[in-house]
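# Tertiary structure, described
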Amino acid sequence: SEQSRLTKVLLMNTANIVLDDYGCEYSPRRQGAGLMDIYGAVTTPVRVVDADTKEAKVELKDFESTAFTMRFLAINDSGTDATYNVNVVVLKDYIYSYGDAELNLLSSDYIDAIVDSPDTITVPANDQIEFEVRVDIGSDPTIYRNMFVEGFVVLSDVNGNNPNLSVPYVGF
């Protein structure tokens, strides 16, 4: 139903992203959207979804290029404009070299990506806006074909009044 879909979007958007002992975000494959923040879910004025699927996640699936674009729809259900800073976290699996072997330690590492996204977005009261995030991982020498590329698009309220919002994405 529409109510259960909306509940899922709000819970995923306002989930707190979990960091490992080194301060790096755990993979969305490992943590999903993060730890639920029930208070955030019921108090946020804005929700963010994939513009095409209307889900609170982006499934990039298999992509051949070293660049991809994600389109988002931010919807404000309140009577007040909301402005957010946009931050994009781009992750890969951490590969540890041990002798002649390369071991996947099931932890995350950052990709040196070129991210083209708005610095801030303002979602008008009782309205919606669409915005795009373009990520190019081609400049990172450690990437390879069919590796997982994943992370989060994070929106932080510029005044700190509203809960942070995030959308996890995964592709390979």
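What you are looking at is a predicted structure, and each value in this text was computed from that prediction instead of being measured. (Residues numbered from 1 in each chain as written. Predicted model: local features only at pLDDT ≥ 70, side-chain atom pairs only at ≥ 80, totals over all residues. Heavy atoms only, no water.)

### Some details on the overall build of the protein
- Of the regular secondary structure elements, the protein holds three helices and 10 strands.
- Starting at the N terminus and walking to the C terminus, you meet the elements of the protein as α-α-α-β-β-β-β-β-β-β-β-β-β.
- In terms of overall size, the protein behaves like a compact globule, its C-alpha atoms giving a radius of gyration of 17 Å where 172 residues would be expected to give roughly 16 Å.
- Overall, the protein is about 60 × 35 × 30 Å in size when its C-alpha atoms are taken along their principal axes.
- Looking at the protein as a whole, 41% of its 172 residues qualify as buried.
- Taking the contacts inside the protein whose residues are at least 6 apart along the sequence as the reference set, 70% of them involve residues at least 24 apart. (Helix = DSSP H or I, 4+ residues; strand = E, 2+ residues; numbered from the N terminus. Rg over C-alpha atoms; globule rule 2.2 N^0.38 Å. Buried < 20%, exposed > 50% of the residue type's maximum accessible area, 1.4 Å probe, protein only. Contact = heavy atoms within 4.5 Å.)

### Things to note about a nonpolar patch on the surface
- On the surface, Met 36, Ile 38, Tyr 39 and Val 42 cluster together into a nonpolar patch covering about 500 Å² of accessible area.
- Secondary-structure assignment places Tyr 39 in helix α3 (residues 38–43). (Patch = residues over 30% accessible without salt bridge, like charges linked within 9 Å, V, L, I, M, F, W, Y side chains within 5 Å. Areas by Shrake-Rupley, 256 points an atom, 1.4 Å probe, with all protein chains shown as cover. Salt bridge = Lys/Arg side-chain N within 4 Å of Asp/Glu carboxyl O.)

### So, the packing of aromatic side chains
- In the structure shown here, the tally under the stated rule is five aromatic pairs.
- Both rings, one in Phe 63 and one in Phe 68, keep their centres 5.2 Å apart while their planes meet at 55 degrees; by these two values the pair is tilted. You'll find Phe 63 and Phe 68 in the same group, each marked buried.
- Each member of the aromatic cluster is reached from another via a ring pair, and the members are Phe 63, Phe 68 and Tyr 169.
- The residue whose ring lies beneath Arg 29 is Phe 148, and the NZ or CZ to ring-centre distance is 3.8 Å. (Phe/Tyr/Trp six-rings, centres within 6.5 Å; stacked < 30°, edge-to-face > 60°. Lys NZ or Arg CZ within 6 Å of the ring centre and 35° of its normal.)

### Considering the side chain of Asp 157
- Along the chain, the position of Asp 157 falls in strand β9 (residues 149–157).
- From its side chain, Asp 157 meets the backbone nitrogen of Gly 160 in a polar contact 2.9 Å long.
- When sequence neighbours within four positions are dropped, the list of residues in contact with Asp 157 reads Thr 83, Tyr 84, Asn 162 and Asn 164. (Polar contact = N/O pair within 3.5 Å; in protein donor to acceptor, adjacent residues only side chain to side chain.)

### Here's the deal with unusual backbone geometry
- Non-glycine residue Lys 61 carries a positive phi angle of around 60 degrees.
- Within the secondary structure layout, Lys 61 lies in strand β2 (residues 58–61).
- A positive phi is found at Asn 146, a non-glycine position, where the angle reads about 65 degrees.
- The topology assignment puts Asn 146 in the loop between β8 (128–136) and β9.

### A word on the nonpolar core
- Counting residues in hydrophobic clusters, the biggest one holds 28 residues, and the most contacted among them are Val 48, Met 70, Phe 72 and Tyr 169.
- When residues in this core are grouped by element, the largest group, five residues, is from strand β4 (residues 82–98).
- Beyond its immediate sequence surroundings of up to four residues, Phe 72 is in contact with Val 48, Val 49, Asp 50, Ala 51, Val 58, Ile 129, Glu 130, Phe 131, Val 133, Val 153 and Val 167.
- In this structure, Val 9, Ala 15, Leu 73 and Ile 75 belong to the second largest nonpolar core, which totals nine residues. (Core = buried A, V, L, I, M, F, W, Y, C linked by side-chain atoms within 4.5 Å.)

### Describing the side chain of Asn 76
- Mapped onto the elements of the fold, Asn 76 is located in strand β3 (residues 67–76).
- Judged by relative accessible area, which is 2%, Asn 76 ranks as buried.
- Among the polar contacts made by the side chain of Asn 76, one reaches the main-chain carbonyl oxygen of Thr 80 at a distance of 2.8 Å.
- Apart from the residues lying within four places of it in its own chain, the contact partners of Asn 76 are Pro 45, Val 46, Asp 81, Ala 82, Val 123, Pro 124, Ala 125, Asn 126 and Asp 127.

### Some details on the environment of Asp 140
- One can find Asp 140 in the loop between β8 and β9.
- Here Asp 140 falls in the buried class, since its relative accessible area comes to 6%.
- Here the alpha-carbon distance between Asp 140 and Asp 112, two residues 28 residues apart in the chain, equals 5.2 Å.

From the geometry alone we can't say anything about function, so treat these as descriptive.
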